[in-house]
Amino acid sequence: MPSIKSRQNTGLHIPDPICRPGDEPDFSGLIIPEAGSVPRPNFDAEEQTLRSLPYGLIRTLDDKGEAKGDWQPNASLESLIIALKTMLLNRAFDAAMFAAQRQGKTSFFMKTSGEEALGAVPSLALRKDDMCFPTYRMVGWLLARGYPIIDLINQIYNNAEDPLKGRQLPILYSAREYGFYSLSGNVGSRIGHGVGWAMAKAYRGLDSLAMAVIGEGTTAEGDYHEALTFASVYKAPVILCVTNNQWAISTFSGIAGAEETTFAAQALGYGIPGLRVDGNDTLAVWSVLEWAAKRARAGLGATLIEFFTYRAEGHSTSDDPTKYRPKDEPTIWPLGDPVNRLKQYLTNQSAWDEKRHQEAISQAKLKVKKAAKAAEDIGILGTSKSDIEEMFKHVFEEPDWRIKEQVKEVGI
Amino acid sequence: MPSMNMIQALNSALDVMLERDPDVLIFGEDVGYFGGVFRVTDKLQQKHGLHRCFDAPISEGGIVSTAIGMGAEGLRPVVEIQFADYILPAYDQLVSEAARLRYRSGGDFTAPITVRSPYGGGIYGGQTHSQSPEAIFAHITGLKTVIPATPYDAKGLLISAIECNDPVIFLEPKRIYNGPFDGHHDRPLKSWKEHPQADVPEGHYIVPLGKSRVVREGSDVTVLAYGTMVYVAEAAISETSIDAELIDLRSIVPLDIDAIVTSVKKTGRCVIVHEASKFGGFGGELTALIEERCFYYLEAPTQRVAGWDTPYPHAFEWDYFPKPSRIVDALEKAIRV
């Protein structure tokens, strides 16, 4: 069998990351502008004046945890502390559920590691009447809004109290009352629903909006470009977001087009503003969301935001990232860790300290532990589930004769 | 009562629903100012406003995806896919999203959308304007699939579809938009004028989804059809001395299984007619249901008359399209045993 190298004498370009397992991780090619170096335009600025933004990187927190420049959110220290606590809770939740999967309590789980700001911050920055069309790494949205942790775990365990009645793979939550749209394992297929939802709000003359998020790998799907087209054409009050965590399972972002341009720059072709932001910088993320939300609520249409981040762990419990990228790559990721960076900022503001931080970690662990215990008392995957009738409900509003006959056939 | 062709009846249904329910809105390719390539949305934008009936980008996936989002929010979008042949880019949205949203979210979100689409052959439309894809929707649980055969039904069924809280695929047999077509392509065109089923009330009324219509009572053999094939089957029956019972299914999901079983038990024989190609077509499902439920009443194997298992051919339109003589042959086979 010819080696990969022997086949390299060809005119066909196949993107390949510069580092693979065994290599020294290298982020030297990454251009990271100084925090505060990108000016913040007025929210109602003409799109034509915003066209350099997609090629920059909006950063607020510098390496010392100081907030620089004018992308400063209108968020109190108290609400930033809530964001931090939510991220810590998210981390404790991830650790517990990952372990639960390894212990055989459920079939599958996905962690948020490194992307915690991207669930918690939009949840706090946007309004209760806004709707999030999330990715599966946004449980922070629910945690920030006080969704019961036990119900998340009941869903993950598919036990008798699972709000989704055992119909969904773990973590594909749905929580309308918390502004969290039904997740699906088909990535990208809900981004257009976000646009439709936003159009419905505009149609009704309301000023609430939708936020729809997909990963950078999924930007290659037609759904994404259709959503951008509709969002642009109808000036939908929607914030379209690409979480660029640089890895789609084992595929690096170059295969989705990142070698040639930024994901935010795709906005240019649709005539909407594109913002590229340090996704591990809570203040910057909060601030760009405020900017885009203000614009959407004022009837000025959609914004595309690229959250530039790094998936610090595997894609899911079924993945081993050391098979395709250097083992220590996550640790040298130059934009750091969202929790540490926010902690540093709040500490600098004298709003937080190590003692409070450790207490918050302990409280988060305790909260999760209690909820997990209570959920486990109800049951885990395989020991407890919803009544079998639930398998047949909600197919239609009213069951037709097929469903009724099959219910009988099962012997219910 | 005014006489309407099917286009006018569908237009009237949309007009009535736009008037009655501010949550109803229409969009699709060319449906706005122009009123649609088949004129089904004619003057609705002028009458109800730009935001109630508007043009969409050429993006079937985008149209359906947007509609699902609107439906989840609480609106009742009615979208047009210009030809059913173009619906496949939206298939993922219909299958993976619209059909399952209620189920997977535990009733948290629903997709009360209607996807209208002209379908079927007989208009020299070639492969891309003639297909009958109903079976690929019938197979997807969570979707309803409706196919009217008369102006009266078209309006009443469309109103039912729009008022339905489940996603509905509404396939309009375009060969009979302007008049019933009996499959004799070499004979003069007929119009809906004077046809009893073209008496269409102006206001709101419904034809419930899942209730079939007996077109002709009979005792020798049951004929199941929908869409244009109702008229082709009717013509075929009239060309024989066989006393066939012709049932227009109106919707294939929900399916009026009771009416089918009652009729086949009475006649002991069945002929199924559809335009779509035979293998894996909806006729196969009907055949299986009849065997499961009526086996001891059957006097003969169920016959299927369908499009051939080829892509829809342009120059061979009338060789492909199930014609009355093929149905006559099937009827004779069914009663011969």
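About the thresholds
- Residues numbered from 1 in each chain as written.
- Chains lettered and ligands numbered in written order.
- Predicted model: local features only at pLDDT ≥ 70, side-chain atom pairs only at ≥ 80, totals over all residues.
- Heavy atoms only, no water.
- Pairing = 2+ DSSP bridges.
- Helix = DSSP H or I, 4+ residues; strand = E, 2+ residues; numbered from the N terminus.
- Axes fitted to C-alpha atoms, helices over the stretch in contact; angles between N-to-C directions.
- Contact = heavy atoms within 4.5 Å.
- Buried area = accessible area lost by both parts, 1.4 Å probe.
- Salt bridge = Lys/Arg side-chain N within 4 Å of Asp/Glu carboxyl O.
- Polar contact = N/O pair within 3.5 Å; in protein donor to acceptor, adjacent residues only side chain to side chain.
- Nonpolar A, V, L, I, M, F, W, Y, C, P; charged D, E, K, R; others polar.
- Patch = residues over 30% accessible without salt bridge, like charges linked within 9 Å, V, L, I, M, F, W, Y side chains within 5 Å.
- Areas by Shrake-Rupley, 256 points an atom, 1.4 Å probe, with all protein chains shown as cover.

Asker: Requested: an account of the sheet that holds strand E4 (residues 114–119) of chain B, with residues and values cited.
Answerer: Through backbone hydrogen bonds, the strands of a sheet pair up, either in parallel or in antiparallel fashion. Residue and element names in this part refer to chain B. With mixed pairing, the seven strands of this open sheet are ordered in space as E2-E1-E3-E4-E6-E5-E10. Looking at which strands have only one partner, the edges of the open sheet turn out to be strand E2 (53–55) and strand E10 (251–253). Averaged over neighbouring strand pairs, the angle between their axes works out to 20 degrees when direction is ignored. Note: strand E5 (residues 144–146) against strand E6 (residues 168–173), three bridges, orientation parallel. The residue of E6 that forms the bridge with Lys 144 is Val 168.

Asker: So what's going on with the interface of chain A and chain B? Which residues, and what values?
Answerer: Contacts between the two partners involve 41 residues from chain A, matched on the other side by 49 residues from chain B. Approximately 3,700 Å² of surface area, both sides summed, lies buried where chain A meets chain B, with 56% of it carried by carbon and sulfur atoms. On the chain A side of the contact with chain B, Tyr203(A), Phe230(A) and Trp401(A) bury the most area, a combined 19% of that side's loss. Our count for the contact surface shared by chain A and chain B stands at five salt bridges. Across the pair Glu73(B) and Arg204(A) runs a salt bridge whose closest N-O atoms are separated by 2.9 Å. Summed over the shared surface of chain A and chain B, the result is 25 residue pairs in polar contact (both at pLDDT 80 or more). Of all the secondary structure elements, the ones that give two or more residues to the side of chain A that touches chain B are helix H5 (191–203), helix H6 (222–233) and helix H12 (401–410) of chain A. It is H5(A) that provides the largest number of residues to the side of chain A that touches chain B, a total of eight residues. Looking at the side of chain A that touches chain B, its residues break down into 17 nonpolar, eleven polar and 13 charged.

Asker: Report on a nonpolar patch on the surface, specifying residues and quantitative values.
Answerer: A contiguous nonpolar surface patch, about 320 Å² in accessible area, is contributed by Ile388(A), Met391(A), Val410(A) and Ile412(A). Structurally, Ile412(A) is set in the segment after H12.

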